[in-house]
Amino acid sequence: MKKLALLVVSVLASAGMQAQIMTPQPSPAAKLSQTVGLTEVTVEYSRPSMRGRTIFGDLVPFDKIWRTGANARTTISFSENVMIDGQELTAGSYAIFTKPTATSWDVYFYTDTDGGGTPAQWDESKVAAKTTAAVHTMEMPIETFTISIDDLSDTSATLGMLWENTYVGVKFEVPTDKAVMKGIEKAMAGPGAGDYYAAAIYYMNAGKDINKAKEWMDKAMSMTPKPAFWQLRQKSLIYAKAGDKKGAIAAAKESLAAAQAAGNDDYIKMNKDSLKEWGAK
């Protein structure tokens, strides 16, 4: 009977037939997203369970590189550069590998995120950062492998790994102060040419205060060393809508000259049509 069952499976496989029944995965996938300060952190991993097994020192051997989960490589992504144990990790994604011992884990952030399990050939040049974290023993066992982001502050957090009676935490720091100070400096310096330009265009298109749009466009152009033909085109339209036909014609002529120099036929035609409409001589 057993041989017959094996034969049926073999025939189905050779015929390219696939099972239509969905069944639970033994190590289901999980995704964790957390904002730390102003940095977005995302962890993707699979979660094996103990199921009566001894984990560390047995299922997960000591002193050997572990994939830190199951199935595809566990990955962590940062939207900004972060610091781990004095080492800078540039924004991007990394595979997390660990080497557990009874008292501490070596934790590796590896640049090659593809594939499942540990690399067939470990490449030290792909280790973007490495740190060692102490093992903390927990009284309550954790049945399913869990990754957490704990101890949140504006400038740091702890990447936690929990399974069986073990907790290991790796602190990382995020550049919140740098980002906030950059924003403050920009705000205190006042709007830039792009801000004034965007606001002017929005006001014109949204039918808002056209005189305010004209004011903002003038500020944008005064802050732009050499306005482009497409910027001058928008300036002419705002002036025309504000009733300043003379200013609109002057801006359109500037835009036309710049468009001709750039060889942009579309803007050449649009400016000529507007100049004709506005009775330019």
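None of the values given here were measured: they were computed from a predicted structure.

### Examining the side chain of T98
Phase 1: Note on placement: T98 falls in strand 6 (residues 92–100).
Phase 2: Exposure remark for T98: the relative accessible area of 0% places this residue in the buried category.
Phase 3: For T98, the side chain forms a polar contact with the side chain of T68, separated by 3.0 Å.
Phase 4: Every residue in contact with T98, bar those within four places of it in the chain, is listed here: K64, I65, W66, T68, W105, D106, V107, Y108 and M161.

### What to know about the nonpolar core
Phase 1: Among the nonpolar cores identified, the biggest contains 33 residues, and I76, F109, L159 and F172 are the most heavily contacted of them.
Phase 2: Elements with a contribution of two residues or more to this core: strand 2 (39–46), strand 3 (75–78), strand 4 (82–84), strand 6, strand 7 (104–110), strand 8 (127–150) and strand 9 (156–173).
Phase 3: Among the elements that line this core, the one with the most residues is strand 9, at seven residues.
Phase 4: Dropping the residues within four chain positions of it, L159 is found in contact with V43, I76, I96, F109, I147, S148, V168, G169, V170 and F172.
Phase 5: With 13 residues, the next largest nonpolar core counts Y196, Y197, W216 and M217 among its residues.

### Regarding the layout of surface pockets
Phase 1: Roughly 230 Å³ of volume is contained in the largest pocket.
Phase 2: If you list the elements that add at least two residues to the lining of the largest pocket, you get strand 4 and helix 2 (176–189).
Phase 3: Counting residues per element, the lining of the largest pocket draws most heavily on helix 2, at three residues.
Phase 4: When its residues are assigned to classes, the lining of the largest pocket shows five nonpolar, one polar and five charged.

### A closer look at the confidence of the model for the chain
Phase 1: On average, residues of the chain carry a pLDDT of 92, and 93% of them reach 70 or more.
Phase 2: Low confidence marks residues 1–13, where pLDDT is under 50. Its contacts with residues over four positions away, or in another chain, come to one contact.

### What to know about the packing of aromatic side chains
Phase 1: Going through the model one piece at a time under the given rule, you end up with 16 aromatic pairs.
Phase 2: Between Y45 and F145, the aromatic rings sit 5.8 Å apart at their centres with planes inclined by 90°, giving edge-to-face as the arrangement. Of this pair, Y45 sits in strand 2 while F145 sits in strand 8, placing them 100 residues apart in sequence. Across this residue pair, the class does not change: Y45 and F145 are buried.
Phase 3: Cluster of aromatic residues (ring-pair linked, three or more members): Y45, F56, W66, W105, F145 and W163.
Phase 4: The cationic tip of K214 hangs over the ring face of Y239; the distance from NZ or CZ to the ring centre is 4.3 Å.

Conventions and cut-offs
- Residues numbered from 1 in each chain as written.
- Predicted model: local features only at pLDDT ≥ 70, side-chain atom pairs only at ≥ 80, totals over all residues.
- Heavy atoms only, no water.
- Helix = DSSP H or I, 4+ residues; strand = E, 2+ residues; numbered from the N terminus.
- Buried < 20%, exposed > 50% of the residue type's maximum accessible area, 1.4 Å probe, protein only.
- Polar contact = N/O pair within 3.5 Å; in protein donor to acceptor, adjacent residues only side chain to side chain.
- Contact = heavy atoms within 4.5 Å.
- Core = buried A, V, L, I, M, F, W, Y, C linked by side-chain atoms within 4.5 Å.
- 1 Å grid on protein atoms, 1.4 Å probe; cavity = no way out; pocket = protein on both sides within 12 Å on 5 of 7 lines; lining within 4 Å.
- Points joined across faces, edges and corners; volume = space filled by probe spheres on them.
- Nonpolar A, V, L, I, M, F, W, Y, C, P; charged D, E, K, R; others polar.
- pLDDT = per-residue confidence, 0-100.
- Phe/Tyr/Trp six-rings, centres within 6.5 Å; stacked < 30°, edge-to-face > 60°.
- Lys NZ or Arg CZ within 6 Å of the ring centre and 35° of its normal.

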